[in-house]
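Observations on chain architecture
So the chains spell out like this:
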Amino acid sequence: MNLKYRPGMRSIKTVVAVFFALLIGFFMNRTTTISVASVSAIVCLRQNNQETMRFSAMRLAGTVLGGIVGFLAALAGEFIPNYSNGIFLIVVPLFLLANLYLCNVLHLQQGLTISCVVVLMVAINFEGTRQDSLMYALNRAFDTLIGVVVALLVDILIAPIKGGEAKDGEEDAPDEI
C-alpha cells in the first residue's frame, strides 16, 4: 500500500468529467439514465487528447451500432413465435454474431464490447414494446454522447496532453468498465 500516492491529472479529469455528466443529466431530468453518461465519461478519458478522441468515437459508434442491431433483434422477436419463451436463446446470439462481424468489418474493435452490451440490453427487453426498445437504444446513444462530449471537453480544456504517454501518476483511470 502506498500512502504517499497523490491522484494524477487523469484522476482529476475523471472526477470533473463525472461531475459535469451528472450535472447535465440532473438538469436535463435524465435521472434514470444518468449513469450511462457518467460511465461513458470515465471510460472515454485516455492518456492523451488523441486517444480520448479516438476511443470516444469508437464508443459512440459501437453504442449506435449495438442499438441498431439490438433493435433489429427485438423487432425480429415480434415476428418469431415463442421468442420470449426460449427462442431468443438462439436468435439473440445470432444477432450478436452479426454485430461482432459488423464491428470488425467497420474497424470498430474498440467499440465492440459496448456494442455487444447494447445489443443485449435492447434485444432482451421482453416487457417492453418495439417502441420501448427503440427509445432505450436512442436514449442510450444520447446519454453516451453526453458522456463522450463531456470527456472530450474536459480532456481538451484541463491540462491537455496532446500526444505520447501520460506523465507519472496519470495512468490511474480505468481502461475499461
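See above for the structure.
My aim in this report is to walk through the structure given alongside it, one point at a time. Just so it is clear, the model here is predicted, and its values are computed rather than measured. (Residues numbered from 1 in each chain as written. Predicted model: local features only at pLDDT ≥ 70, side-chain atom pairs only at ≥ 80, totals over all residues. Heavy atoms only, no water.)

1. Here's the deal with the overall build of the chain
Let me state the cut-off plainly: Secondary structure follows DSSP: runs of H or I at least 4 residues long count as helices, runs of E at least 2 residues long count as strands, and numbering of each begins at the N terminus. Relative accessibility thresholds used throughout: buried, under 20% of the residue-type maximum; exposed, over 50%; partly exposed, between the two (1.4 Å probe, protein chains only).
Per the secondary structure count, the chain includes six helices and zero strands. Along the chain, from the amino end to the carboxyl end, the secondary structure elements read α-α-α-α-α-α. When each of the 177 residues of the chain is scored for burial, the buried share is 42%.

2. Some details on unusual backbone geometry
Despite not being glycine, Asn-29 has its phi angle at roughly 55 degrees, a positive value. Structurally, the position occupied by Asn-29 is in the loop between helix H1 (9-27) and helix H2 (34-44). Given a relative accessible area of 63%, Asn-29 falls into the exposed group. Phi at His-107 is positive, roughly 60 degrees, even though this residue is not glycine. Looking at the secondary structure, you find His-107 in the loop between helix H4 (88-105) and helix H5 (112-123). Given a relative accessible area of 56%, His-107 falls into the exposed group.

3. Brief notes about the packing of aromatic side chains
Keep this limit in mind: We call Phe, Tyr and Trp rings a pair once their centres come within 6.5 Å, taking the six-membered ring for Trp, and we label the pair stacked below 30 degrees between planes, edge-to-face above 60, and tilted otherwise.
Under the definition given, this model contains three aromatic pairs. Seen in terms of ring centroids, Phe-19 and Phe-20 are 5.2 Å apart; in terms of plane orientation they differ by 70 degrees. Their pairing is edge-to-face.

4. Some details on the side chain of Arg-10
The test is simple: We define a polar contact as two N or O atoms separated by no more than 3.5 Å, with the added condition that, inside protein, one atom must be a possible hydrogen donor and the other a possible acceptor, whereas residues neighbouring each other in sequence contribute only through side-chain atom pairs.
With respect to the secondary-structure elements, Arg-10 resides in helix H1. Of note is the side chain of Arg-10, whose polar atom sits 3.3 Å from the backbone oxygen of Leu-45.

5. Structural notes on the packing of H4 against H5
Using the following cut-off: Geometry is summarised by axes, namely lines fitted to C-alpha atoms with helices restricted to the contacting stretch, and by angles between N-to-C directions that run from 0 to 180 degrees. Each angle is binned into one of four classes, with values under 35 degrees roughly parallel, values over 145 roughly antiparallel, values of 65 to 115 roughly perpendicular, and all other values oblique. Crossings are classed by handedness, with left-handed meaning an anticlockwise turn of the near helix from the far one by less than a right angle and right-handed meaning a clockwise turn. Residues are treated as being in contact if the distance between any of their heavy atoms lies within 4.5 Å. Polar here means any residue outside two lists: the nonpolar Ala, Val, Leu, Ile, Met, Phe, Trp, Tyr, Cys and Pro, and the charged Asp, Glu, Lys and Arg; Gly therefore counts as polar.
Contact pair H4 / H5: the axes reach a minimum separation of 10 Å and the direction vectors enclose 150 degrees. What the angle tells us is that H4 and H5 run roughly antiparallel. Of the two possible hands of crossing, H4 and H5 adopt the one that is right-handed. Residues Val-92, Leu-96, Asn-99, Leu-100, Cys-103 and Asn-104 of H4 pack against Leu-112, Ser-115, Cys-116, Val-119, Leu-120 and Ala-123 of H5. Among the residues forming the contact of H4 with H5, the class breakdown is nine nonpolar, three polar and no charged.

6. A few points about the pattern of salt bridges
When charged atoms on two side chains of opposite charge get close, those side chains can pair. Inclusion rule: When a carboxyl oxygen of Asp or Glu is within 4 Å of a side-chain nitrogen of Lys or Arg, the pair counts as a salt bridge.
One pass over the structure, following the stated rule, counts three salt bridges. Notably, a salt bridge pairs Asp-155 with Lys-13, separated by 2.9 Å at the nearest N-O pair. In this pair, Asp-155 sits in helix H6 (residues 130-157) while Lys-13 sits in helix H1, placing the two residues 142 residues apart along the sequence. Accessibility expressed as a relative area gives 4% for Lys-13, which makes it buried. A salt bridge links Arg-30 to Asp-143; the nearest nitrogen and oxygen atoms lie 2.6 Å apart. On the criterion of sequence distance, the pair formed by Arg-30 in the loop between H1 and H2 and Asp-143 in helix H6 is long-range, its members being 113 residues apart. Pair check on accessibility: Arg-30 and Asp-143 agree, each one buried.

7. Some remarks on H2
In terms of burial, H2 is largely enclosed, as nine of its eleven residues are buried. At its buried positions, H2 is contacted by H1, helix H3 (49-79) and H6.

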